[in-house]
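# Report on the structure
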Amino acid sequence: MPEKKTVTLNMGPQHPSTHGVLRVLVELDGERVVKATPVIGYLHTGIEKTMESKLYHKALPCTDRMDYLAPMSNNLGYCLAVEKLMDVEVPEKVQWARVCLAELTRIKSHLVWLGTHSIDLGAMSMLLYTFRERESIIDVYEACGGQRMMTSYIRIGGLAHDLPVDFDKKVRRVIKQVNNGLVDYENLLTNNEIFINRTRNVAVISAEDAIAWSLSGPMLRGSGVKHDLRKANPYSGYENFDFEIALGKNGDAYDRYLLRLKEIRQSLRIINQALEGMPEGPYRAHVPGVVLPPKEDVLYKMESMIFHFKIITEGFKAPVGSVYQAIESPKGELGFLITGDGSNKPRRVRVRPPSFINLASLPRLVEGGMFADVVCAIGSIDIVLGEVDR
Amino acid sequence: MEEQLRGFIKARFGEAMVREEEFRGEQSFHIKPEALIEICQAFLDDNDLQVRFLSDITAVDWLGHERADEGRFEVIYNLYSLTHAYRFFVKVHLPADHPRIASLCDLWPGADWMEREVYDLFGIEFEGHPCLEKILTPDDLVGHPLRKDFPLTYEQPQFTWNKDQPPEVVR
């Protein structure tokens, strides 16, 4: 009997189905995957090191550049962590606006995921539809922060500016558009036989394994583990909102697709509530010496100008100790561990990147399966290489 | 949950505990490095605490700070109980000279990449790790970038106009 031979195939790093610069070394026995080794680090830019060399306020724009599909979630996580470290309470209006923006970000990220994942599986037209709805969310971003992608709109202690006057109108238009879009997506994919054949019982992970592999977000909930940080450890006033945790059952790629669509619906529910109950008030906390005073005060008030100057030039001194703040980002548990050391720069900024830790389970998902399913597995994890490599 | 956890650790690992810390409502237990595996195994086996989720592993370099007296490197294990929705931290201190600690890969397969990242960026060795290799930085990079004595530099990119000059490193 001849010796069994395997072939090693190099997938990526320049391959559209790997969603960036991910390289996977796949060892194949015929069409079966014997071993898969993800190789990462092509996009490593040392963001954590960079943030450690900057003042707390000035490290904020680095966060947008990690998960560039969900910038507001990253801003929110970092700001909440610094606010926890400095013991800053933000006004209620800020909390509600942040929740509204974070949920818009979740929809935006899921839409990009849906478009690219479907393209991987051959449904070419989906990307055009999802980007149509995504565009209206980017319009809201642009109205808020002046930027379409790297917003840096959520700042330490509040927001960069007050919400734009037509915020309500713009967001309502998003809700309407996404609601219409969801009908299209479901018609195109949910009962599509090709899509079901490509995703059902593919990249399966059980609940026990998902916990052992430290998975979070849709990867964990898709296996039926009811865990959502917005419910378990509410932050930024999520306890005031009424929504359900979407759950999967089988832990396969199809369940994760259904789950993400459900999450979009729940996000729309939260955004609706946030718009209905948006309180009045200041858009930034009043904590002299830590939070930047509002720009209009800086121009006309002496004290505000002095504080502005001091914060920009020498920053504020943080106490010695570590805080950890985790938020439920579109991809999973996004955590910021910030260690202060008594100086004006953080000693350590650790980002717990959900994509990185979810991607670690890729060999477990694909080994023993067919080679064509590797693409589906990578897609269903929902990775952003900017966040994986940082 | 907090009381229960403290009682659990004190009763079974009282000797291994160095100190307890509470900061901004977050509980940390500083323990001796050699007791790590035993404590984590006990968490996994205990059915009341339900600490099954290893959220993250990271490290802090305290070089040049008074906290470095305990040991230059502080390795932080971020543990979470899904049933109780409770998060706490187990911290160990390691010396500057050849820092090493036991790997948790046997208990949690998810610890694999987290430990590789700490090894790559801090140079902390995890004993018993199945494949302790660099993960983020290029293979030819010497040193561990997140150590505080690793300089924050940038290198002049090489273009046609300066290709004959030696690369200049700006510190």
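One structure accompanies this document, and this report is about it. (Residues numbered from 1 in each chain as written. Chains lettered and ligands numbered in written order. Predicted model: local features only at pLDDT ≥ 70, side-chain atom pairs only at ≥ 80, totals over all residues.)

## Here we look at the overall build of chain B
- For chain B, the helix and strand inventory stands at three helices and nine strands.
- Walking chain B from its N terminus toward its C terminus, one meets helices and strands in the order α-β-β-α-β-β-β-β-α-β-β-β.
- Seen through its principal axes, chain B has C-alpha atoms that stretch 65 × 35 × 30 Å.
- Burial status across chain B gives 35% buried among its 171 residues. (Helix = DSSP H or I, 4+ residues; strand = E, 2+ residues; numbered from the N terminus. Buried ≥ 20, exposed ≤ 12 C-beta atoms within 10 Å, placed from the backbone.)

## Quick look at the pairing of strand 6 (residues 321-329) of chain A
- Where burial is concerned, most of strand 6 of chain A is hidden: eight out of the nine residues are buried.
- Hairpin remark: strand 6 of chain A followed by strand 7 (residues 332-340) of chain A, antiparallel, with two residues in the connecting loop. (Pairing = 2+ DSSP bridges.)

## Brief notes about the packing of helix 5 (residues 126-145) of chain A against helix 6 (residues 167-190) of chain A
Residues and elements named next belong to chain A.
- Relative to each other, helix 5 and helix 6 sit at 170°, their axes nearing to 10 Å. Classified by the angle between their axes, helix 5 and helix 6 sit roughly antiparallel to one another. In this structure, helix 5 crosses over helix 6, and the sense of that crossing is left-handed. Residues M126, Y129, E133, S136, I137, D139, V140 and A143 of helix 5 touch helix 6, and the partners they reach there are F167, K170, V171, R173, V174, Q177, V178, G181, D184, Y185 and L188.
- Looking at side-chain class alone, the contact of helix 5 with helix 6 contains eleven nonpolar, three polar and five charged residues. (Axes fitted to C-alpha atoms, helices over the stretch in contact; angles between N-to-C directions. Parallel < 35°, antiparallel > 145°, perpendicular 65-115°, else oblique. Left-handed = near helix turned anticlockwise from the far one by under 90°. Contact = placed C-beta atoms within 7 Å. Nonpolar A, V, L, I, M, F, W, Y, C, P; charged D, E, K, R; others polar.)

## Here's the deal with the interface of chain B and chain A
- Opposite the 26 residues of chain B that make contact, chain A presents 34 residues.
- Only strand 3 (51-61), strand 4 (73-81) and helix 3 (111-122) of chain B provide two or more residues apiece to the side of chain B that touches chain A.
- It is strand 3 of chain B that contributes the most residues to the side of chain B that touches chain A, seven residues altogether.
- Each residue belonging to the side of chain B that touches chain A can be placed in one class, and the counts come to 15 nonpolar, six polar and five charged.

## Let's talk about the sheet that holds strand 6 of chain A
Residues and elements named next belong to chain A.
- Spatially, three strands are ordered 6-7-8 in an open sheet, and the strand pairing comes out antiparallel. Edge strands, defined here as strands with exactly one partner in the open sheet, are strand 6 and strand 8 (348-352). Direction aside, neighbouring strands of the sheet carry axes that sit 15° apart on average.
- Taken strand by strand, helix 3 (residues 71-86) contacts strand 6 and strand 7, and its axis lies near 150° from that of strand 6.

## Overview of the nonpolar core
- Counting residues in hydrophobic clusters, the biggest one holds 152 residues, and the most contacted among them are A:V82, A:C100, A:V374, A:A377, B:V75 and B:I124.
- Element by element, the count of residues in this core is highest for helix 4 (residues 92-120) of chain A, at twelve residues.
- Residues within four places of A:A377 in sequence aside, it is in contact with A:V202, A:A203, A:L362, A:L365 and A:V366. (Core = buried A, V, L, I, M, F, W, Y, C linked by C-beta atoms within 7 Å.)

## Some thoughts on the environment of A:S17
- As for its placement among the helices and strands, A:S17 is situated in the loop between strand 1 (7-11) and strand 2 (23-29).
- In sequence terms A:S17 and A:G379 are 362 residues apart; their C-alpha atoms lie 7.6 Å from each other.

## With respect to the sheet that holds strand 2 (residues 26-31) of chain B
Residues and elements named next belong to chain B.
- The mixed open sheet is built from five strands, whose spatial order is 1-2-5-4-3. Looking along the sheet, the strands with just one partner apiece sit at the ends: strand 1 (17-23) and strand 3. Here the strands of the sheet are splayed against their neighbours by 20° on average, with no regard to which way each runs.
- Pairing between strand 1 and strand 2: six bridges, direction antiparallel. Counterpart to E20 in the pairing with strand 2 is F29.

## Structural notes on the packing of helix 3 of chain A against helix 4 of chain A
Residue and element names in this part refer to chain A.
- As a packed pair, helix 3 and helix 4 sit with axes 7 Å apart at the nearest point and diverge in direction by 140°. Comparing their axes, helix 4 and helix 3 come out oblique. Facing helix 3, whose interface residues are M72, S73 and L76, helix 4 presents R98, L101, A102 and T105.
- Looking at the contact of helix 3 with helix 4 residue by residue, the classes come out as four nonpolar, two polar and one charged.

## Considering the environment of A:R132
- Within the secondary structure, A:R132 is located in helix 5.
- For the pair A:R132 and A:G181, spaced 49 residues apart in sequence, the C-alpha separation works out to 8.8 Å.

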